[in-house]
Amino acid sequence: MYYNKWIINRSPLIKTIHGEPQHYDLYQNFVDELHPTVRFEKYYFVSPWIACKYFDEDEFDGYDYLTLTDKLIDEVLNDKSITKDLEQGNTCIVFDMGAELIPFSYYEKIDKFYSTKSYAKNVKYWSMYEHLKPKGSIDYLTVSSSTLRFSDYEENKVSNEYHEKWEFSEDELTNKHVLFLNKRIRPHRLDTLSKLLEKKVNIKDNFYFSFLGTNNRGEGDPLYDSDVNAIYGRVPDVYNKDMANKILWDYYKTELPYSMNCQRDEWLASSSLNRIEELLPYRKRTYVELITEFTHSDEYVSISEKLSQAILCKKPFIIVGDRKYLRNIKNLGFKTFDKFWDESYDELAYEERIDAITDVVKEIVDTVDVKNGITYSKELQEILEHNYNHYKNVYTPSVYKDAFKSLSLLDYKPQLEDKADDEKLKREKTKYVWYSENTNTIIIPIAGNLDGAIKNKVAPRLAYRLVDKNNLDNVSKIPAIAITRHPHKRYASYLENNDDVNNDLLEQTGYMYDLNVCYTIDMDNIHREGYYARCKDWNDDFGHRDSGRRIADILYEEEIHTPRQLTPEEILFVDENYKWDWTMYNEYGSWRFRKPHNIAKIGVGFEQYFDTFKDVYKKEYKVLTKKLKRHSQYLESSLESAYWVNHSMILDNLGLNYAPKDIKILDIGTHFGFMPHFLKSQGFTNVHSTNSYKEAGDSLDELKLIWKTLGITEPADIHIEPQTPFDLLDNSDNMYGKDFDSAERYDIILMNMSNVFWKTDKIVRLLNGNISQAWQVVDKNKDTNTFFAPYDVNDIHYFTKCIMSQLNVGGSAVIQPFPYAYSSFDGFRNEQGTVATWQSEHRGHQKPQSTKHCPTLEMNNYFIIHKEKNE
């Protein structure tokens, strides 16, 4: 938890000595765990990592962490501002040597400076040394952050998010005896390899082996030269030059065939939990891991993450490390494998230790049969399980507790946490929230909506704690995040998990009524991008917004159970009893009206569809240009993207960037069929269309040719008249039967640039004493004049009611009567007032734009009918 928590807002308590604030995130995680009453007012941290990140690599070797750490220690000791803070008694300074091996002389220098000071008790060492304490009086703790790096790992619960997919199947790997991983060139690694080769151990056939060396560009690179010098400077003295040549040409820079998406050394130094699984396929195929530790001293013992990885992968191990290493880890409560091979090497001096270790490895290679699989006895398997559980449940918690004690001004107390259990949450549904001091945000625990995942996955990663919301100051002003769900699915899931069907499932909104909900995540359709118009204030605070994105990232990995379909009676029950949930879910929780932010927008894709149509659909375009007569010119002008600007904007504002691909969409008056053709190209699988064959007249044959050429199912023939019932529903894929009321309704209905609102039969023309209903005439300038009466208030009410009945709850119908006349003339004030109720920005409406087809933007206006609930 403490090593891999994500940091969004960094605490002012931690003072950066050198480097960037993010270099101190590990320490931020530690301080977060302390109760505010026991925290110091200021913390300073000094470490090799910070030293290497600060100093100019042109002046200093970035890998010479000893020189850089020594230099940083000197600067800190001479920094008068740090000394002044320490003298005031409200500051703690930690020299964290828990990730690298630091000479005792460094500790002694620190002790000499601080031990006589009045504030000496506020100066701490964290170290990798397990059993030795340097001379001096400064508080010394074995807090090996290197060893703790992967303590949050849980078996089979980490995804390989940082790795490319393997280029081969795990089944292609053969069983081998030993996993032998080496990165940098070190004497004990060279000696172990040389001794194995000297004893004729067949490494290539019996080992999964790596010897990476430094990350260099080959011969002539200073890092390469230093590796070569290290090999030739060590091996010939102990063995011979032929052995050095063999290691250099046959084994140096050998790596296993796995790949990663970041720089190699950065990855190997990271604390990502995926590091455990990077080589898990190889570990599964090897009998034992030969661990070449960080050091090989006869005087002290230091333990690194290499042991942690073997224990967490439940592999037996042989240690090439410090003398009495095994004795020390036994004292820490771990078990080793002396019942299965000789571990007396642990007590031997260095040269004898290497010789004895390679004898053990050779014996395993010669005697253990791995051809038929890697199997362990019950007794050995029990040791592996014990070590895993001891590491997770005893060892790492005790080390962390020591670290917290060293950071506490008074007796250590953990961060405030209400120990509410699941039963308490069920009884007191709205009392508790998940709160993060780090981000000052709340996650609302809504029963049934991934509340278990919040507890087990999100809270540990982002430092959320379950607290009584009455204990939080100004709780109604703290930005809150809600995990929402489609009301039907939530109720169905509830029925599956409760035998007694009572009306005791609290509405999702019941958990939120007194909280400041600024961000929502639909658990069935999780996206980290986008925003709702009602949440603009949230978008001004990147830290808060980023917390929502990171929660979505974690939840995206969850396997979401899809419950059964509700019966019509159950649907009616939900729609009648959870009405406000529908409004909240559709406008704040689902994909509807979620606008894109910094992603490739579907509206942009629609414009690109026309810009590239002639190239992408070359064959279709050739057929149409050859066969069309009446529509040839109109088709050509329609392929200009400038014609479709408002269509593109509408697609974005309706939330189609985030919509599930199986939503049901209807395009009314599709004409050429570009809209359904484009939507299908974007992966939408349930797209339908209509057209008025009556209005198409003698152009119908050409339209049918276009539809066929584009591969569009022939649109339904629907001609809409004012105050006349019309049925848009397709009963062929009806869920419950073929009656109108239960047919599958639409999620999106599009009626763009439509003349449906033209009442041409209400136009009377008087000419030379004669009247007619000629609604289109050509004047003396050969301009076509079109006359019509727009729908009046009663027509609009009838139309919207009919459309509404054919939408799913939460569904939207975009109606763009062209030309839009209601806002241009006083005589349509009542009609504009009626339509204006459907022109809310919160429901996706945006001021229309001028287009090449119609430069007068007011004439391009539209409204959006939105169905909040079943009537």
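Residues numbered from 1 in each chain as written. Predicted model: local features only at pLDDT ≥ 70, side-chain atom pairs only at ≥ 80, totals over all residues. Heavy atoms only, no water.

Peer 1: When you look at helix α22 (residues 568–577) in this model, what are you seeing that I'm missing?
Peer 2: Residues lying three or four places apart along an α-helix face the same way, a consequence of the helix completing one turn every 3.6 residues. Those residues of α22 lying buried are E570, I571, V574 and D575. Along the long axis of α22, the arc covered by the buried residues comes to 135 degrees, so they all point the same way. Along α22, exposed side chains directed more than 90 degrees from the buried face belong to E569 and E576. Looking at the buried residues of α22, the elements they touch are α19 (487–497), α23 (579–589) and β27 (807–817). (Buried < 20%, exposed > 50% of the residue type's maximum accessible area, 1.4 Å probe, protein only. Helix = DSSP H or I, 4+ residues; strand = E, 2+ residues; numbered from the N terminus. Arc of directions from axis to C-beta. Contact = heavy atoms within 4.5 Å.)

Peer 1: I tried to follow unusual backbone geometry on my own but got confused; where do I start?
Peer 2: Most peptide bonds are trans, and most residues other than glycine sit at a negative phi. Here the bond from F818 into P819 is cis, since omega is -5 degrees, no more than 30 degrees from zero. Unusually for a residue other than glycine, K200 sits at a positive phi of about 65 degrees. Here K200 is to be found in the loop between α6 (187–198) and α7 (203–206). Residue classification places K200 among the exposed positions, given a relative accessible area of 74%.

Peer 1: Help me out: how do you make sense of the packing of aromatic side chains in this one?
Peer 2: The relative placement of two aromatic rings is captured by the distance of their centres and the angle of their planes. Considering all chains together, one arrives at 63 aromatic pairs under this definition. Plain terms: the ring middles of Y609 and F610 are 4.9 Å apart, the flat faces sit at 80 degrees to each other, and that makes the pair edge-to-face. When sorted by exposure, Y609 lands in the same class as F610, which is buried. Grouping aromatic residues by their ring pairs yields a cluster made of F606, Y609, F610, F613, Y617, Y634, Y643, W644, F672, F674 and F678. Sitting over the face of the ring of Y208, K176 holds its NZ or CZ atom 4.7 Å from the ring centroid. A cation over an aromatic ring shows up here: R594 above the ring of Y658, its NZ or CZ 5.5 Å from the ring centre. (Phe/Tyr/Trp six-rings, centres within 6.5 Å; stacked < 30°, edge-to-face > 60°. Lys NZ or Arg CZ within 6 Å of the ring centre and 35° of its normal.)

Peer 1: Please explain the pattern of salt bridges as it appears in this structure.
Peer 2: Pairing between side chains of opposite charge can happen when their charged atoms approach one another. This model, assessed by the stated rule, comprises 46 salt bridges. Ionic pairing is found between E33 and K5, a salt bridge with its closest N-O pair at 2.9 Å. Here K5 lies in the segment before β1 (14–15) and E33 lies in the loop between α1 (25–32) and β2 (42–46), a separation of 28 residues in the sequence. Note on K5: relative accessible area 6%, which makes it buried. Between K852 and E640 there is a salt bridge whose closest N-O contact spans 2.3 Å. (Salt bridge = Lys/Arg side-chain N within 4 Å of Asp/Glu carboxyl O.)

Peer 1: Help me understand the nonpolar core in this model?
Peer 2: Nonpolar side chains tend toward joint burial in soluble globular proteins. Of all hydrophobic cores here, the largest spans 122 residues; its most connected members are Y43, I93, F95, Y114, F207, F317 and I318. Other than its neighbours up to four places away in sequence, I318 contacts V288, E289, L290, I291, W341, Y345, I357, V360, V361 and I364. Ranked by size, the runner-up nonpolar core spans 44 residues in total, among them F593, I602, L654 and L656. (Core = buried A, V, L, I, M, F, W, Y, C linked by side-chain atoms within 4.5 Å.)

Peer 1: Could you clarify how one ought to interpret the packing of α6 against helix α9 (residues 241–251) in this entry?
Peer 2: How two helices pack is summed up by the angle between their axes together with the distance between the axes. The geometry of α6 relative to α9 is characterised by a closest axis approach of 11 Å and an angle of 105 degrees between their N-to-C directions. On the basis of the axis angle, α6 is roughly perpendicular to α9. Every residue of α9 that contacts α6 at L190, L193, S194, L197 and E198 is listed here: M243, K246, I247 and Y251. Partitioned by chemical class, the residues of the contact of α6 with α9 number six nonpolar, one polar and two charged. (Axes fitted to C-alpha atoms, helices over the stretch in contact; angles between N-to-C directions. Parallel < 35°, antiparallel > 145°, perpendicular 65-115°, else oblique. Nonpolar A, V, L, I, M, F, W, Y, C, P; charged D, E, K, R; others polar.)

Peer 1: Help me understand helix α16 (residues 378–406) in this model?
Peer 2: Along its 29 residues, α16 runs 41 Å from first to last C-alpha, staying within 8% of the 42 Å computed at 1.5 Å per residue. Along its length, α16 reaches its greatest deviation from straightness, about 45 degrees, at Y391. (Expected span 1.5 Å × (residues − 1). Bend = angle between axes of the 7 residues up to and from the residue.)

Peer 1: Is there a simple way to think about the sheet that holds strand β3 (residues 91–97) in this case?
Peer 2: In a beta sheet, neighbouring strands pair by backbone hydrogen bonds and run either parallel or antiparallel. The strand order β1-β2-β3-β4-β5 describes an open sheet built from five strands, whose pairing is parallel. Each end of this open sheet is capped by a strand with a single partner; those strands are β1 and β5 (139–142). Pairing of β2 with β3, which is carried by five bridges, proceeds in the parallel orientation. Within the sheet, the bridge partner assigned to Y43 lies in β3 and is C92. Together, β2 and β3 form the strand contacts of helix α3 (residues 65–77), whose direction differs from that of β3 by roughly 165 degrees. (Pairing = 2+ DSSP bridges.)

Note that all results are geometric; they support no functional claim without further evidence.
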